[in-house]
Amino acid sequence: MAFDYDLFVIGGGSGGVRAARVAAQGGAKVALAEEDRYGGTCVIRGCVPKKLMVFASEYHAAMADAQSYGWTVHAGGFDWDAFKTKLHTELDRLEGVYRGILRNNGVESFDARARLVDPHTVELADGTRKSARHILIATGGRPVKPDLPGAEHAITSNDIFHLETLPKSILIIGGGYIACEFACILNGLGVQVTQFYRGAQILRGFDGEARGLVSDEMIQSGIDLHLGTNIEAMEPAEDGYRVTATNGTEAMYQQVMFATGRAPNTEDLGLEAAGVATGRKGEIVVDEYSQTGVPSVYAIGDVTDRVNLTPVAIREGMAFVETVFNGNPTPVDHDLIPTAIFTQPEMGTVGLSEEAARDQEPIDVYCTSFKPMQTAFAGRPDRVLMKLVVSRETRKVLGCHIVAPGAGEMIQLAGIAVKMGATKEDFDRTVAVHPTMSEELVTMKTPI
Ligand code: NDP
């Protein structure tokens, strides 16, 4: 049977665009449909604008530090409009780059929503149908709000980059990556930030000591963090919202933001018609090759709810092309993925937390927490943390956890060593780079 395309990709985010490009470069006839903006969550409403906001938010403290270092500088104030205009110009540029990648590699793109009709047919919003030997679903995810009175008035991370003005005060609900990152960003930009997290400590699942330090530092920097607290209801009031918390207290905030998790974009995709199975959260169920139960249909990225990170979606896209178009079945390696949470200070982590490692086998823990030179000189009380979790039997480093400015950059490199199976003694054999914060990773002698 002749198909219109070898591959039809639904979704023009990081994973979809990468798979489309690499397949097309290998000679496949490829089309891609995107209903919104090219670049997806990462480029348009996630990692990229978030990181630019992190940079913007760090200048306030940097300015104070500069004074401590002898500079005569004064922070005049943050101009949200000026920043926002520049930010969106940059996002427009990046979207253009993504469109260009597709165009320059001969991928036909459709600015339209697409859904499956059957295992080899896609229907575009205008009713046009296209057939393909393989279909790749890379539709990502979206933020979700809990179902509670007044929740419709709250914003999510999708809205934050489009605010008309920065609020004077904000309540952020959640204790995951997004809640913590935006609490720090907005605090740095001068917004009065309150954060509610329903559990005992933010950043559930990460190393206990590391998340404890992030939480301490967030509080120290002025974030009003309430643990064991959730929102019960909210209602519009003059100049903001009146929020009732689960502990019965009421308070006013100019803005409320939910960062309470994300759901896979699988609604109205025609999955049922095509026979593609979904799981409990609505995620597309795939095997290690990203193949669904329907042999011609594959799915990658957040829509599969495996490890929801941009570089992982990209890997999954490349492995898909390798498997399907290059005759080289390639499973995606989801083990020992380094990741960073861009709080202030950042947390960089790879491998097992102390708690998870202890459940697995006998371990030694090497950990140090100290005031780093740069901010200590400026009189700031900030602390950093360097931690290695080591197998007592094999001496392999099972986990590395860093809380420090620049931890994201550090963990990328430490991640290589951990992924290679480095032992504590391999770390010790490496000469320290002095004076740095990360030199502590190779100088910790005694387990705690
Ligand atoms: P997460 O799943 O990480 O966190 C959701 C948070 O909301 C948790 O603290 C959760 O609490 C809480 N929560 C869930 N439901 C409710 C509810 N009904 N009421 C109150 N609190 C609730 O989601 P995020 O939205 O922060 O991020 C989504 C994913 O995006 C991340 O897991 C990550 O994979 C990715 N991401 C990565 C980034 C990076 O690499 N730097 C940055 C941003 C996002 P509990 O812990 O109790 O379940």
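Heads up: the structure comes first, above all this text.
Position labels on residues start from 1 in each chain and follow its written sequence. For this predicted model, a pLDDT threshold of at least 70 governs which residues receive local features, and a threshold of 80 or more governs which side-chain atom pairs are given and counted, while totals over whole chains, interfaces and linings are taken from all residues. Excluded from the side-chain calculation are hydrogens and water; included are all heavy atoms of the structure.

A. Region of the structure containing the site of the ligand. The local shell around the ligand holds 21 residues, among which Gly-175, Tyr-197, Arg-204, Asn-308 and Ala-340 are the closest. For this analysis, a polar contact is any N or O atom pair within 3.5 Å, provided that within protein one partner can donate a hydrogen and the other can accept it, and provided that sequence-adjacent residues contribute only side-chain to side-chain pairs. One nitrogen or oxygen atom from the main chain of Gly-261 is found 3.3 Å from an oxygen atom belonging to the ligand. The accessible surface values rely on the Shrake-Rupley method and a 1.4 Å probe; as for residues, cover is taken only from the protein chains in view. Relative to its unbound accessible area of 910 Å², the ligand is 76% covered by the protein chains. Where helices and strands are cited, they refer to DSSP runs of H or I of at least four residues and of E of at least two residues respectively, numbered from the N terminus. Of all the secondary structure elements, the ones that give two or more residues to the shell around the ligand are helix 6 (177-188) and strand 17 (339-341). Broken down by element, the shell around the ligand gets its largest block of residues, 3 residues, from helix 6. Here a residue is near a molecule or strand as soon as one of its heavy atoms is found within 4 Å of it.

B. Just the packing of helix 3 (residues 47-68) against helix 4 (residues 80-104), in detail. At a minimum axis separation of 11 Å, helix 3 and helix 4 run at an interaxial angle of 145°. Crossing of helix 3 against helix 4: the hand is right-handed. Counting all contacts with helix 3, which are made through Val-48, Pro-49, Leu-52, Met-53 and Ala-56, the residues of helix 4 involved are Trp-80, Phe-83, Leu-87, Glu-90, Leu-91 and Leu-94. Note that Gly is not counted as nonpolar here; it falls among the polar residues with everything else outside the nonpolar set of Ala, Val, Leu, Ile, Met, Phe, Trp, Tyr, Cys and Pro and the charged set of Asp, Glu, Lys and Arg. For the contact of helix 3 with helix 4, the per-class residue count stands at 10 nonpolar, no polar and 1 charged. Here an angle of 0 to 180 degrees is reported between the N-to-C directions of two axes, which are lines fitted to C-alpha atoms, with helices fitted over the stretch in contact. Here is the rule for handedness: rotate from the far helix to the near one, and if that takes an anticlockwise turn smaller than a right angle the crossing is left-handed, while a clockwise turn gives right-handed. Residues are treated as being in contact if the distance between any of their heavy atoms lies within 4.5 Å.

C. Region of the structure containing the environment of Lys-168. Note on placement: Lys-168 falls in the loop between helix 5 (157-160) and strand 8 (169-173). Relative accessible area decides the class of each residue, using a 1.4 Å probe on protein chains only: under 20% of the type maximum gives buried, over 50% gives exposed, and in between gives partly exposed. You can call Lys-168 exposed: its relative accessible area is 64%. Distance in space between the C-alpha atoms of Lys-168 and Ile-341 is 25 Å, their sequence separation being 173 residues. Dropping the residues within four chain positions of it, Lys-168 is found in contact with Val-191, Gln-192 and Gln-254.

D. Looking closely at the pairing of strand 18 (residues 346-351). The buried count for strand 18 comes to 5 of 6 residues, which makes it a mostly enclosed element. Counted between consecutive antiparallel strands, the loop separating strand 17 from strand 18 contains 4 residues. Whether two strands pair comes down to DSSP finding at least two bridges between them. Pairing between strand 18 and strand 21 (residues 397-404): 6 bridges, direction antiparallel. Paired with Glu-346 across the two strands is Ala-404, which belongs to strand 21.

E. Focus on the sheet that holds strand 13 (residues 250-253). An order of 11-12-13 is seen for the 3 strands of this open sheet, with the pairing classed as antiparallel. Of all the strands in the sheet, the pair left with one neighbour each is strand 11 (231-237) and strand 13. Strand-to-strand twist of the sheet, defined as the mean angle between neighbouring strand axes without regard to direction, takes the value 25°.

F. A look at the sheet that holds strand 9 (residues 192-197). The sheet built from 4 strands is open, its strands ordered 10-9-8-14 with parallel pairing. Of all the strands in the sheet, the pair left with one neighbour each is strand 10 (224-227) and strand 14 (255-258). Taking each pair of neighbouring strands and ignoring which way they run, the sheet shows an average axis angle of 15°. Examined bridge by bridge, strand 8 and strand 14 share 4 bridges and lie parallel to one another. Note that in strand 14 the partner of Leu-171 across the bridge is Val-256.

G. How the structure looks around the pattern of salt bridges. Salt bridges are defined by distance alone: a side-chain nitrogen of Lys or Arg within 4 Å of a carboxyl oxygen of Asp or Glu. Scanning the entire structure with this criterion turns up 27 salt bridges. The salt bridge partner of Asp-111 is Arg-99, with a shortest N-O separation of 3.2 Å. Taken together, the residues Asp-111 in the loop between strand 3 (108-110) and strand 4 (114-118) and Arg-99 in helix 4 connect sequence positions 12 residues apart. Asp-111 gets classed as exposed once you look at its relative accessible area, which sits at 51%. For Arg-99, a relative accessible area of 29% corresponds to the partly exposed category. Among the salt bridges present, the one from Lys-424 reaches Asp-428, with a minimum N-O distance of 2.6 Å. Of this pair, Lys-424 and Asp-428 both sit in helix 13 (residues 424-429), separated by 4 residues, roughly a single helical turn.

H. Structural view of the packing of helix 1 (residues 14-25) against helix 9 (residues 310-325). It is at 8 Å that the axes of helix 1 and helix 9 come closest, and there the two elements cross at 30°. With respect to helix 9, the axis of helix 1 lies roughly parallel. The hand of the helix 1/helix 9 crossing is right-handed. Contact residues: Ser-14, Gly-15, Arg-18, Ala-19, Val-22 and Ala-23 in helix 1; Thr-310, Ala-313, Ile-314, Gly-317, Met-318, Phe-320, Val-321 and Phe-325 in helix 9. Across the contact of helix 1 with helix 9, the residue classes break down as 9 nonpolar, 4 polar and 1 charged. Reported orientations rely on four angle classes, namely roughly parallel under 35 degrees, roughly antiparallel over 145, roughly perpendicular from 65 to 115, and oblique for the rest.

Nothing here speaks to function; it is all geometry.
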